[in-house]
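Report on the structure
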Amino acid sequence: MAIETTEKYCPICGKQVAEPTFNRFGEWACSEAHADEYVKETRAQKMRAAAPAPEQQPQRPPRQMRGG
Ligand SMILES: [Zn+2]
């Protein structure tokens, strides 16, 4: 088998993680708070990668009343 690294480190604070309790996307966090934070960061990065350009929605100009 390939060499497996047994040491995991929290991506948020860099602490060594001993228990696989807070595994998110293959990353090991030290606590639920840091796991949650890592999830948020990952989602934000994915959203940025998925939408490089700002979304432009066709907006109709408001109807103008003609005062005659
Ligand atoms: Zn941490």
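See the structure above.
A brief structural summary. (Residues numbered from 1 in each chain as written. Predicted model: local features only at pLDDT ≥ 70, side-chain atom pairs only at ≥ 80, totals over all residues.)

Side note on the overall build of the protein chain
Looking only at helices and strands, one finds 1 helix and 4 strands in the protein chain. Along the protein chain, helices and strands appear, N-terminal first, in the series β-β-β-β-α. Among the 68 residues that make up the protein chain, the fraction classed as buried is 9%. Here the contacts in the protein chain between residues at least 6 apart in sequence split such that 11% fall between residues at least 24 apart. (Helix = DSSP H or I, 4+ residues; strand = E, 2+ residues; numbered from the N terminus. Buried ≥ 20, exposed ≤ 12 C-beta atoms within 10 Å, placed from the backbone. Contact = placed C-beta atoms within 7 Å.)

Quick word on the nonpolar core
Across soluble globular proteins, nonpolar side chains show a tendency to be buried alongside one another. Counting residues in each nonpolar core, the largest one holds 5 residues, listed as Val17, Trp28, Ala29, Cys30 and Ala35. Not counting residues up to four positions away in its chain, the partners in contact with valine 17 are Lys8, Tyr9, Cys10, Trp28, Ala29 and Cys30. (Core = buried A, V, L, I, M, F, W, Y, C linked by C-beta atoms within 7 Å.)

With respect to the environment of aspartate 36
Within the secondary structure layout, aspartate 36 lies in helix α1 (residues 32-50). Taking the number of C-beta atoms within 10 Å as the measure of exposure, aspartate 36 has 14 and is therefore partly exposed.

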